[in-house]
Amino acid sequence: MKLIVTLFAVLSFSGALVAQVKSEDNSLLGDSLIKLEKQSWEAWQKRDGKFFQNFLSDDHVEMGPGGPNNKAAIVAFVGSPVCVVKSYSVDKFRVTQFDANNAILTYRAEQDTTCSGTPVPSPAWVSSFFVKRNGHWLNAFYQQTPEHK
């Protein structure tokens, strides 16, 4: 009976340690993805298409008002003078990790941006899906949904 109680205690303690490590890993992952996402907003404001060349996965899909776009289209669009980002803010981040290589970052964004003279809808809720490939987190899918007022 002592052996069973001891084994149960050891397994329970081990499970608590694994849960704690997983929670800490998720926190570190969240910090990393939030940092990457904030860097993408800085690059968007600076029209830095080169940043997006390394930030986006080769099979990236971005869902916009006109339908889906691929990586090449997004890199070219960001680097063009079509949009002017005067200011932005991002907050209310939430990370959901599906497995070791897939996670989604959701958050709220506000921006004072015009594209071809037309204001971009703001505020919006953002879904930014990341995949881990060759040890690096890459953005594979992005979509903004205007907030219902």
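What you see is a predicted model; the values in this text were computed from it and never measured.

Asks: Describe the overall build of the chain, with residues and values.
Replies: Of regular secondary structure, the chain possesses three helices and seven strands. Starting at the N terminus, the α and β elements of the chain follow one another as α-α-β-β-α-β-β-β-β-β. The buried share among the 149 residues of the chain stands at 30%.

Asks: An account of the packing of aromatic side chains is requested, with residue identities and associated values reported.
Replies: Per the stated rule, a full pass over the model turns up eight aromatic pairs. A connected cluster of aromatic rings, assembled from ring pairs, spans Phe51, Phe52, Phe55 and Phe130.

Asks: An account of the pattern of salt bridges is requested, with residue identities and associated values reported.
Replies: A full pass over the atoms with the stated rule returns four salt bridges. In this structure, the salt-bridge partner of arginine 133 is aspartate 59, at a minimum N-O distance of 2.9 Å. One end of the pair, arginine 133, is in strand β6 (residues 124–133); the other, aspartate 59, is in strand β1 (residues 56–64), with 74 residues separating them in the sequence. With a relative accessible area of 44%, aspartate 59 lands in the partly exposed category. Several salt bridges share partner residues, and in doing so they unite Arg108, Glu110 and Glu147 into one network.

Asks: Let's hear about the pairing of strand β2 (residues 67–70): which residues, and what values?
Replies: Pairing of β1 with β2, which is carried by four bridges, proceeds in the antiparallel orientation. Considered in β2, the bridge of glutamate 62 is made with asparagine 69. Following β1, the chain reverses through two residues before pairing antiparallel with β2.

About the thresholds
Counting restarts for each chain, with residues numbered from 1 along the sequence as it is written. In keeping with the model being predicted, local features are shown solely for residues with a pLDDT of at least 70 and side-chain atom pairs are shown and tallied solely at 80 or more, while totals for entire chains, interfaces and linings include all residues. No hydrogens and no water enter the side-chain calculation; it runs on all heavy atoms of the structure. Every helix listed is a DSSP run of H or I at least four residues long, and every strand listed is a run of E at least two residues long, numbered separately from the N terminus. Relative accessibility under 20% of the residue-type maximum defines a buried residue, over 50% an exposed one, and the middle range a partly exposed one, all with a 1.4 Å probe and only protein chains included. In summary, the pairing rule links any two rings of Phe, Tyr or Trp, Trp by its six-membered ring, whose centres are within 6.5 Å, and it sorts them by plane angle into stacked for under 30 degrees, edge-to-face for over 60 and tilted for everything else. Salt bridges are defined as contacts in which a side-chain nitrogen from Lys or Arg sits within 4 Å of a carboxyl oxygen from Asp or Glu. One requirement defines pairing of two strands: DSSP has to find at least two bridges between them.

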